Amino acid sequence: MHRSLIASIAMALLATPLLAAGAEPWPWKAKTPVDPALATLSHVDDVTAAIDDSILTILVKAVAPAAGYSEFTLTPRLGDPDDRIFAFDARGRAPQEVASQVLTPVSLAMSYADAPLSKLDRIEVYANDNCMAYSVKDKKPADCVSKAMPQKPGALP
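The rules behind these values
- Per chain, the residues get numbers from 1 upward, laid out in the order the sequence is written.
- Per-residue local features are limited, in this predicted model, to residues with pLDDT of at least 70; the limit for side-chain atom pairs, both in listing and counting, is 80 or more; totals at the level of whole chains, interfaces and linings are taken over all residues.
- The side-chain figures draw on all heavy atoms in the structure; neither hydrogens nor water molecules are used.
- Two cysteine sulfur atoms form a disulfide, by the criterion used here, when they sit within 2.5 Å.
- A run of H or I in DSSP becomes a helix once it reaches four residues, and a run of E becomes a strand once it reaches two; helices and strands are each numbered from the N terminus.
- Burial classes follow relative accessibility: with a 1.4 Å probe on protein chains only, a residue under 20% of its type's maximum area counts as buried, one over 50% as exposed, and anything between as partly exposed.
- For the purposes of these results, a polar contact is taken to be a pair of N or O atoms within 3.5 Å, where, inside protein, one atom must be able to donate a hydrogen and its partner to accept one; residues adjacent in sequence count only when each atom of the pair is a side-chain atom.
- Pairs of residues are marked as contacts when any of their non-hydrogen atoms sit within 4.5 Å.

## Quick look at the state of the cysteines
Right, so step 1: For the structure on display, the rule yields one disulfide.
Right, so step 2: Between the sulfur of Cys131 and that of Cys144 lies a disulfide, 1.9 Å long from S to S. Because the torsion about its S-S bond is -80°, the bridge between Cys131 and Cys144 counts as left-handed. With Cys131 in strand β8 (residues 131-135) and Cys144 in the segment after β9 (140-142), the pair connects residues that are 13 residues apart, well separated along the chain.
Right, so step 3: Residue class for Cys131 comes out buried when judged on its relative accessible area of 19%.

See below:
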C-alpha cells in the first residue's frame, strides 16, 4: 500500500511538467480574455523566438515588480493585423502579500502550435517601462515599431 502510494505520487509529479509544457493556442485565434488578476511586468530585458516543427516558442527575460510573482504569460495587444508584427504584454500574477518592492528577474517561455508563421515577421513584448522586439524573419533583435495597444483586462483579443 505504502509503495503504491509513493509510486502514484511520483508519477503525478513527473507527469505534471509534461502536461504544462504543451503548446498553447495562438492568442488571436483562442480569443481568451485577459485575466484581470495578471499585472504587467516592470521591464523586459530580452526577447528571442524560434520555430521548430511548426511551433513558435517565445523566450522572455523580464523583471517583476516584487518577489513572489507567478503564472507568467504573454497576452496579446491589439494592433494592425496586416503589419506582420505580433505584440504582447509580459504579465504575471502578483503575490497575495508583498513584503517589499524589490525588482526580481524572471523568465518565461511560451510555445504556440497554431501561430500564423507565414504572416509573422516580428514579435514585440511590452512591459510597464519598455518594449523589446525580435525579428523572426531575420533571427535577431529588432526595434519596437508597432502601434499596438494593450487590452483591457477581461476584453477579448
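## A few points about the side chain of Asp121
Right, so step 1: Inspection of the secondary structure puts Asp121 in the loop between β6 (104-112) and β7 (122-126).
Right, so step 2: One polar contact links Asp121 to Arg84, side chain to side chain, over a distance of 2.9 Å.
Right, so step 3: Those residues in contact with Asp121 that sit more than four places away from it in its chain are Arg84, Tyr134, Ser135, Val136 and Lys137.

## Brief notes about the environment of Ala66
Right, so step 1: Among the structural elements, Ala66 can be located in the loop between β3 (55-64) and β4 (70-76).
Right, so step 2: Counting along the chain gives 37 residues from Ala66 to Leu103, while the straight-line C-alpha distance between them is 5.1 Å.
Right, so step 3: Apart from residues no more than four positions distant in its own chain, Ala66 is found in contact with Val98, Ser100, Gln101, Val102 and Thr104.

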